[in-house]
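In case you want the letters, here they are:
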Amino acid sequence: MYKITYLPTGHIFVIPEEEAKSLKEKYPDEYKILEKNGKKYRDKIVSKQKSSDNGSIYSKVVED
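Quick summary incoming for the structure in this document.

Calculation rules
Residues numbered from 1 in each chain as written. Predicted model: local features only at pLDDT ≥ 70, side-chain atom pairs only at ≥ 80, totals over all residues. Heavy atoms only, no water. Pairing = 2+ DSSP bridges. Helix = DSSP H or I, 4+ residues; strand = E, 2+ residues; numbered from the N terminus. Contact = heavy atoms within 4.5 Å. Axes fitted to C-alpha atoms, helices over the stretch in contact; angles between N-to-C directions.

What to know about the sheet that holds strand S1 (residues 2-6)
No. 1: Pairing within the open sheet is antiparallel, and its 4 strands lie in the order S2-S1-S3-S4. A single partner strand is all that each edge strand has here, and the edge strands are strand S2 (11-15) and strand S4 (39-40).
No. 2: Bridging between S1 and strand S3 (residues 31-36) involves 5 bridges; their strand directions are antiparallel. Bridge pairing links lysine 3 to glutamate 35 in S3.
No. 3: Running at roughly 35° to S1, helix H1 (residues 17-26) makes contact with S1, S2 and S3 of the sheet.

Brief notes about unusual backbone geometry
For residues other than glycine, phi is negative in most cases, and the peptide bonds are mostly trans.
No. 1: Although it is not a glycine, asparagine 37 sits at a positive phi angle of roughly 55°.
No. 2: You can see asparagine 37 is positioned in the loop between S3 and S4.

Comments concerning the pairing of S2
No. 1: With 5 bridges joining them, S1 and S2 adopt antiparallel strand pairing. Looking at S2, one finds that lysine 3 is bridged to valine 14.
No. 2: Joining the antiparallel neighbours S1 and S2 is a turn of 4 residues, in which glycine 10 adopts a positive phi near 90°.

The following block contains the structure:
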């Protein structure tokens, strides 16, 4: 059993390994694994950084 947290709300769930891995693959920015089979786990969250184009402020003004 894996203990994961849903980052936007902070809710913690204890779910089977298969479900935890599938959620982490589908939504890597929204879930964080806290424990694997009762042992603490240090999960790395990769944040997406947008690159700027030659000093253009277009990406800062227009939302995706």
